[in-house]
Amino acid sequence: MSEILLFHHALGPTAGLHAFADELRDAGHTVHTPDLFDGRTFATIEEGVGYAREVGWDEIMARGERATEGLTNELVYGGFSLGVVPAQKLAQTRSGARGALFFYSCMPVTEFGSWPAGVPVQIHGADADPIFMDEGDVDAARELVELADDAELFLYPGDEHYFADSSLPSYDPAAAELLTRRVLDFLARVG
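A brief structural summary. (Residues numbered from 1 in each chain as written. Predicted model: local features only at pLDDT ≥ 70, side-chain atom pairs only at ≥ 80, totals over all residues. Heavy atoms only, no water.)

**Here's the deal with the packing of helix α2 (residues 45–55) against helix α3 (residues 57–66)**
Here is the rule: Fitted lines through C-alpha atoms give the axes, limited to the stretch in contact for helices. The angle between two N-to-C directions lies from 0 to 180 degrees. Elements are defined by DSSP. Helices are runs of H or I of four residues or more, strands are runs of E of two residues or more, and each kind is numbered from the N terminus. An angle below 35 degrees is read as roughly parallel, one above 145 as roughly antiparallel, one from 65 to 115 as roughly perpendicular, and any other as oblique. The contact definition used throughout considers only heavy atoms, calling two residues in contact when any of these lie within 4.5 Å. Polarity classes work like this: nonpolar for Ala, Val, Leu, Ile, Met, Phe, Trp, Tyr, Cys and Pro, charged for Asp, Glu, Lys and Arg, and polar for all others, with Gly in that last group.
Between α2 and α3, the least distance of the axes is 5 Å, while the angle of their chain directions is 90 degrees. In this view, α2 runs roughly perpendicular relative to α3, as classed from their interaxial angle. Residues V49, Y51, A52, R53 and V55 of α2 form the contact with α3, whose participating residues are W57, E59, I60 and R63. Partitioning the contact of α2 with α3 into residue classes produces 6 nonpolar, no polar and 3 charged.

**Re the nonpolar core**
Cut-off, in case you're wondering: Only buried residues count toward a nonpolar core, which is a set of Ala, Val, Leu, Ile, Met, Phe, Trp, Tyr and Cys residues joined through side-chain atoms within 4.5 Å. Only protein chains enter the accessibility calculation, which uses a 1.4 Å probe; a residue whose area is less than 20% of its type maximum is buried, one above 50% is exposed, and one in between is partly exposed.
Formed by 62 residues in total, the largest nonpolar core has its most connected members in L6, F102, F103, W115, V121 and L144. Looking at this core, the element that brings in the most residues is helix α7 (residues 173–190), giving 7 residues. Apart from residues lying up to four places away in sequence, L144 is in contact with F102, C106, V109, W115, V121, I123 and A151.

**Overview of helix α4 (residues 84–93)**
Along α4, 8 of the 10 residues are buried, which leaves the element largely enclosed by surrounding structure. At its buried positions, α4 is contacted by β1 (3–7), α3, β3 (76–80) and β4 (99–103).

**Comments concerning the pattern of salt bridges**
Under the convention used in this document: The term salt bridge refers to a side-chain nitrogen of Lys or Arg lying within 4 Å of a carboxyl oxygen of Asp or Glu.
On inspection of all chains with the given rule, the structure shows 9 salt bridges. As a salt-bridge pair, R98 and E74 come within 3.9 Å of each other at their nearest N and O atoms. Of this pair, R98 sits in the loop between α4 and β4 while E74 is found in the loop between α3 and β3, placing the two residues 24 residues apart along the sequence. For R98, a relative accessible area of 33% translates into the label partly exposed.

**Regarding the pairing of strand β5 (residues 121–126)**
For clarity, the cut-off: Being paired, for any two strands, means DSSP has found at least two bridges between them.
For β5, the buried fraction is high: 6 of the 6 residues fall into the buried class. Neither face of β5 is left uncovered, since the one carrying V121, I123 and G125 and the one carrying Q122, H124 and A126 both have all their residues buried. Alignment of β4 against β5, held across 4 bridges, turns out to be parallel. In the strand pairing of β5, F103 is matched with H124. Here β5 pairs with strand β6 (residues 151–156) via 6 bridges, running parallel. The partner of A126 across the bridge, within β6, is Y156.

**Some remarks on α7**
Under the convention used in this document: To estimate the expected span of a helix, subtract one from its residue number and multiply by 1.5 Å. Between N or O atoms, a polar contact is any pair within 3.5 Å; within protein, one atom must be a potential hydrogen donor and the other a potential acceptor, and residues adjacent in sequence are included only when both atoms are from side chains.
Here α7 is 18 residues long and its end C-alpha atoms lie 25 Å apart, about the 26 Å a rise of 1.5 Å per residue gives. In this structure, the buried residues of α7 make contact with β1, α1 (15–26), β3, β4, β5 and β6. Its side-chain oxygen 3.2 Å from the backbone nitrogen of A174, D172 forms the N-cap of α7.

**Here's the deal with unusual backbone geometry**
Phi at D38 takes a positive value of approximately 55 degrees, unusual for a residue other than glycine. Along the polypeptide, D38 turns up in the loop between β2 (30–32) and α2. With a relative accessible area of 55%, D38 lands in the exposed category. Here Y104, not a glycine, exhibits a phi torsion of approximately 75 degrees, which is positive. Within the secondary structure, Y104 is located in the loop between β4 and β5.

**Structural notes on the packing of aromatic side chains**
Quick reminder of the rule: Pairing of aromatic rings covers Phe, Tyr and Trp, the last counted by its six-membered ring, and requires centre-to-centre distances within 6.5 Å; plane angles under 30 degrees mean stacked, over 60 mean edge-to-face, and any other angle means tilted.
Tallying each qualifying case throughout the model produces 11 aromatic pairs. For the ring pair F37 and Y51, a centre distance of 5.2 Å and an interplane angle of 75 degrees mean the geometry is edge-to-face. Remark: Y51 occurs in helix α2 and F37 occurs in the loop between β2 and α2; sequence separation between them is 14 residues. The same class applies to F37 and to Y51, which are both buried. Geometrically, the ring pair formed by Y104 and F163 is edge-to-face, given 5.4 Å between the ring centres and 70 degrees between the ring planes. Residue Y104 is found in the loop between β4 and β5, and its partner F163 is found in the loop between β6 and α7; the two are separated by 59 residues along the sequence. Just as Y104 is buried, F163 falls in that class too. An aromatic cluster of at least three residues, connected via ring pairs, comprises F20, F80, F103, Y104, Y156, Y162 and F163.

Now the structure itself:
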């Protein structure tokens, strides 16, 4: 079984994030869901990103790093959208990573150095999501797939950014079910 550090998106630690974490726990995995926003949730991506800017990106990243305190180095790092940033940084810079799961976002690999050898990664996004497709995320994901020894990019039909968060109107049950199945297969393989 895997131990996962899973970071929330710009709307904060939503009920949908916790429901997803519970699905992974029900499959026998240990999942940590640190709160980068001090318990705050937001109605829009713009509000959440605005809060992150107000707190400061350096502080958001520091909160991500502090979330590892007391945890093993042998973690799978996961993040949804904004949460991909600390997850990717930790996967690339903290020794011992067992894998990485990036949902709705991906940073250029060079942002944090190089991709570590032997660390598998999955990236999930919607094929018509203007954020994922038009803001460089899909390009960064494709580059990561080319560079990493074990990397998969999964595109799902639709234009919603947060399609796997069951607490939001953007939720797509069919896509979320497929995403979850792929994640569970990944975790069984890396665990």
